[in-house]
Every structure is written in C-alpha cells, then in structure tokens.
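One letter stands for each residue in the lines below.
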Amino acid sequence: MTSPLYQPPVTLPRLNVSSEATVIIRRARVSDIPRLYEMINYYALRGDMLPKTLDQLYNRVRSFNVAEADGEVVGSAALNITWADLAEVVSLTVHPDFQGRGLGRHLVEPLFDEARELGIPTIFALTLQVGFFSRLGFREVPKLRLPHKIWQDCNTCFKQDRCDEVAMVREIPSERA
C-alpha cells in the first residue's frame, strides 16, 4: 500500500496570487518543498517529467532555484551533478498560470553560472521540450552519449523501454574562455 505522503496531486491547487505579479528567482527553502512536490508530480502525472518523492526533494533542496510571486512558488529548476564533468537540468516547472513569461529561461540560466562555478563543462537535459532547450543553446545528442545518466537513473526508470525524451547538451565555457 502506498503511503499518503507520496500521493501526488492530480490537479494543481489554485494560486492565491495574480498571474501579473512580479516574479523573483531565488534559492529554494525547505518550506518550498510541498509546492515543489505538487508541481513536479502534477507534470509527472501528465508524462512530462519524472516524479519526485518528498524525501528526494528534501534531500536535494539546495539544488533548486524557484520562481516566487507574492510569496508563492510558481516555478522550479535544479542542477543535478551526475559526474565530474556533467550535470543535468531537472524538475523544470512553471505553473500554467505563469507560462509564457520567460520564467523557464530565468530558472535555467542561473544553472549555467552554477555549473561554471563548480567547474562542470557540460550540462544536459532529457526533455520533451526540444525547442525550449534549443533556444537556450542546447543541442540534441544520442542518449548513449550520457552513460553516467544511464547508469544512475535510466536503468531503473519506468520509461526505460519506451523513453520518449530527447537528450540535449550544452557546453559551459569556463570563466577564462
């Protein structure tokens, strides 16, 4: 039997903030985890991304940036370090009421700087949003180019035999370049 702690929502809760509110991008806090859980698993149930448990989110809270409008989290993105030279953009979400305002870009671009500061030369995404990531400088590659991702996550993923995601990479120039 599944624990009620891990029952993702079928629909997103209504926001108590206007979609016209000013949005800031900041590091996630522990208090943001319930909303991150709702949003990520909402999109996971639609087949747009992989689900996350509360445990996974609390353990990775320091990896997340969030978009906040009038005190409410309306988007997220995280950088997951995969290997010494590789990191993944994960859990990119924007609440439907806030889509079309460039929040996805504003959530992902700080991850480029973070990768650069960490000395990670390549970031990747497994995505269904090829156009979005292309506009951010990513290019498509064969999934086999990402062996560490395959060893760590893909072998146990429920989508393994029918994965519809596209592998995309972006090189991160060093500060010296």
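For the structure given in this document, a descriptive report is provided here. (Residues numbered from 1 in each chain as written. Predicted model: local features only at pLDDT ≥ 70, side-chain atom pairs only at ≥ 80, totals over all residues. Heavy atoms only, no water.)

Quick notes on the sheet that holds strand β1 (residues 23-27)
Right, so step 1: Taken together, the seven strands give an open sheet; going across it, the order is β1-β2-β3-β4-β5-β7-β6, and neighbouring strands pair in mixed fashion. Every interior strand has two partners, whereas the edge strands, β1 and β6 (139-140), have only one.
Right, so step 2: Bridge analysis of strand β5 (residues 122-127) against strand β7 (residues 166-171) gives six bridges, and the strand direction is antiparallel. Following the sheet pairing, I123 is matched in β7 by R170.
Right, so step 3: Here helix α3 (residues 103-118) sits on the sheet and contacts β1, β2 (64-69), β3 (72-83), β4 (86-94), β5 and β7; the angle it forms with β3, its principal contact strand, is near 30 degrees. (Pairing = 2+ DSSP bridges. Helix = DSSP H or I, 4+ residues; strand = E, 2+ residues; numbered from the N terminus. Contact = heavy atoms within 4.5 Å. Axes fitted to C-alpha atoms, helices over the stretch in contact; angles between N-to-C directions.)

Describing the pairing of β2
Right, so step 1: For β2, the buried fraction is high: six of the six residues fall into the buried class.
Right, so step 2: Side chains F64, V66 and E68 of β2 all project onto a buried face; the interleaved residues N65, A67 and A69 project onto the opposite face, where all are buried too.
Right, so step 3: Bridge analysis of β1 against β2 gives five bridges, and the strand direction is antiparallel. Within β2, the residue paired with I24 across the bridge is E68. (Buried < 20%, exposed > 50% of the residue type's maximum accessible area, 1.4 Å probe, protein only.)

A word on the packing of aromatic side chains
Centre distance and the angle of the planes are the two values used to describe a pair of aromatic rings.
Right, so step 1: A full pass over the atoms with the stated rule returns four aromatic pairs.
Right, so step 2: With a centroid separation of 5.0 Å and 85 degrees between ring planes, the pair formed by F133 and F138 is classed as edge-to-face. The pair formed by F133 and F138 is uniform in burial state, with each residue classed as buried.
Right, so step 3: Among the aromatic residues, those joined into a cluster by ring pairs are F112, F132, F133 and F138. (Phe/Tyr/Trp six-rings, centres within 6.5 Å; stacked < 30°, edge-to-face > 60°.)

Details of the nonpolar core
Right, so step 1: Formed by 28 residues in total, the largest nonpolar core has its most connected members in V74, F98, I123 and F138.
Right, so step 2: Elements supplying a minimum of two residues to this core: β2, β3, β4, α3, β5 and α4 (130-135).
Right, so step 3: With six residues, α3 is the largest single contributor of residues to this core.
Right, so step 4: Excluding its chain neighbours within four sequence positions, the residues that come into contact with V74 are L15, V23, M39, A67, E68, A69, T93, V94, H95, F98 and L103. (Core = buried A, V, L, I, M, F, W, Y, C linked by side-chain atoms within 4.5 Å.)

Quick word on the side chain of E72
Right, so step 1: In this fold, E72 is placed in strand β3.
Right, so step 2: Contacts of E72, omitting those with residues within four sequence positions, involve L15, N16, V17, R35 and A67.

Looking at the pattern of salt bridges
Right, so step 1: Counted according to the given criterion, the structure contains ten salt bridges.
Right, so step 2: Among the ionic contacts, a cluster of salt bridges with common partners joins R26, R29, D32 and E68. (Salt bridge = Lys/Arg side-chain N within 4 Å of Asp/Glu carboxyl O.)

Overview of the side chain of T122
Right, so step 1: Its location among the elements puts T122 in strand β5.
Right, so step 2: The class for T122 is buried, based on a relative accessible area of 10%.
Right, so step 3: Only 2.8 Å separates the side chain of T122 from the side chain of E171, close enough to count as a polar contact.
Right, so step 4: In this structure T122 touches D85, L86, A87, V169, R170 and E171, once residues within four positions along its chain are discounted. (Polar contact = N/O pair within 3.5 Å; in protein donor to acceptor, adjacent residues only side chain to side chain.)

Section: helix α1 (residues 33-45)
Right, so step 1: Between its first and last C-alpha atoms α1 spans 18 Å; for 13 residues at 1.5 Å apiece the expected length is 18 Å, and the two agree.
Right, so step 2: Extensive coverage of α1 is indicated by the burial of ten of its 13 residues.
Right, so step 3: Inspection of α1 places I33, R35, L36, Y37, M39, I40, N41, Y42, Y43 and A44 among the buried residues, and these make up the whole buried set.
Right, so step 4: Buried residues in α1 make contact with α2 (54-59), β2, β3 and β4.
Right, so step 5: G47 sits one or two positions beyond α1 and adopts a positive phi of about 90 degrees. (Expected span 1.5 Å × (residues − 1).)

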